[in-house]
Amino acid sequence: MRRLFSWNVAAPVLAIFIVLVIWQAAVSIFDIEAWMLPAPLQIIQEGIEIYPRLFSHSMSTITIALGGFAIGVSVGLILAVLLHLMPRARQAVYPLMVLSQNVPIIALAPLLVLWFGFGALPKILIITLVCFFPIAVSLIDGFRQTNPTLLNYMRMIGAGRRQIFFKLEWPSALPYFFSGLKISATYSVMGAVIAEWLGAQEGLGVFMTVASSAFRTDQVFVSIFVIMMISLALFGFILLLEKWLIPWNADEKGSGRNG
């Protein structure tokens, strides 16, 4: 397990390092202008120089992303449970959920700003909208994957609806729930940046817009790397939480690989 874990960490790190080396070499060999494609070392140097200002923008984005993520997860969780317990309502509401994801965020965001102003509320609503769907869909699919043999057995021994849900259906759906969490975590950061593009005074989205207008491509890449690190950190935290709360799922994956 230690060798497998170390390789799982070392392989992507090595791949990223190779990409950065090729990138640095290509910029030097072909003498590419910095405003078109800055070299990785230049990006790192610029990130160190603007760290205090970048930290303030990053904290603003993280705050909004986590707030919208928490609300989106709550909405998706409640909606999935209600639709699972009410199949007829699921038939009516599920298509509306799918349609809600076909509305372009770029088109919807200005309307939310127009309705709710330039505060935090429209930004949180945008993040909630992009986060709740993966949670709801994953959980609904997870509830459907409940072992039918165990379900029939619990009904035969007289288990009530609440007992069946908490003792069988919910534990069975937990791996699917965490799959949705991982997707929503990355969407939350992306949604926060998009929301900041369309109207904010602070945040990585604002920082990217200003840097792009000034042709500071190095600062744009710095903000992109910070966004990627925030998304990876949130993804990694959820992954650790999944291994802690549902260790049996990790064991099943490991036994499947060994088989």
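Shown above is the structure to which this text applies.
Note that the structure is a prediction, hence the values are computed from the model and not measured. (Residues numbered from 1 in each chain as written. Predicted model: local features only at pLDDT ≥ 70, side-chain atom pairs only at ≥ 80, totals over all residues. Heavy atoms only, no water.)

*Asks:* Describe in detail the overall build of the protein, supporting the description with residues and values.
*Replies:* Along its length, the protein carries 11 helices and zero strands. When the elements of the protein are put in sequence order from the N terminus, they spell out α-α-α-α-α-α-α-α-α-α-α. Its C-alpha atoms give the protein principal-axis dimensions of about 75 × 55 × 30 Å. Sorting the 259 residues of the protein into buried and exposed places 40% on the buried side. Roughly 15,500 Å² of accessible area belongs to the protein as shown, and the carbon and sulfur atoms make up 71% of that amount. (Helix = DSSP H or I, 4+ residues; strand = E, 2+ residues; numbered from the N terminus. Buried < 20%, exposed > 50% of the residue type's maximum accessible area, 1.4 Å probe, protein only. Areas by Shrake-Rupley, 256 points an atom, 1.4 Å probe, with all protein chains shown as cover.)

*Asks:* An account of the side chain of Ser-184 is requested, with residue identities and associated values reported.
*Replies:* By secondary structure assignment, the location of Ser-184 is in helix α8 (residues 161–197). Since its relative accessible area comes to 0%, Ser-184 is described here as buried. In this view, Ser-184 contacts Phe-69, Cys-131, Pro-134 and Ile-135; residues no more than four positions away in its chain are not counted. (Contact = heavy atoms within 4.5 Å.)

*Asks:* So what about the nonpolar core? Which residues, and what values?
*Replies:* Of all hydrophobic cores here, the largest spans 56 residues; its most connected members are Leu-54, Phe-69, Met-97, Phe-177, Phe-178 and Leu-181. Elements that contribute at least two residues to this core include exactly α1 (2–29), α3 (51–85), α5 (105–116), α6 (120–144), α8, α9 (204–213) and α10 (217–245). In terms of residue count, the dominant contributor to this core is α6 (13 residues). When near neighbours in sequence (up to four residues on either side) are disregarded, Phe-177 contacts Val-73, Leu-77, Ile-135 and Leu-139. Core analysis: the second largest hydrophobic core is formed by five residues, Leu-151, Met-154, Ala-159 and Ile-164 among them. (Core = buried A, V, L, I, M, F, W, Y, C linked by side-chain atoms within 4.5 Å.)

None of this, on its own, says anything about what the molecule does.
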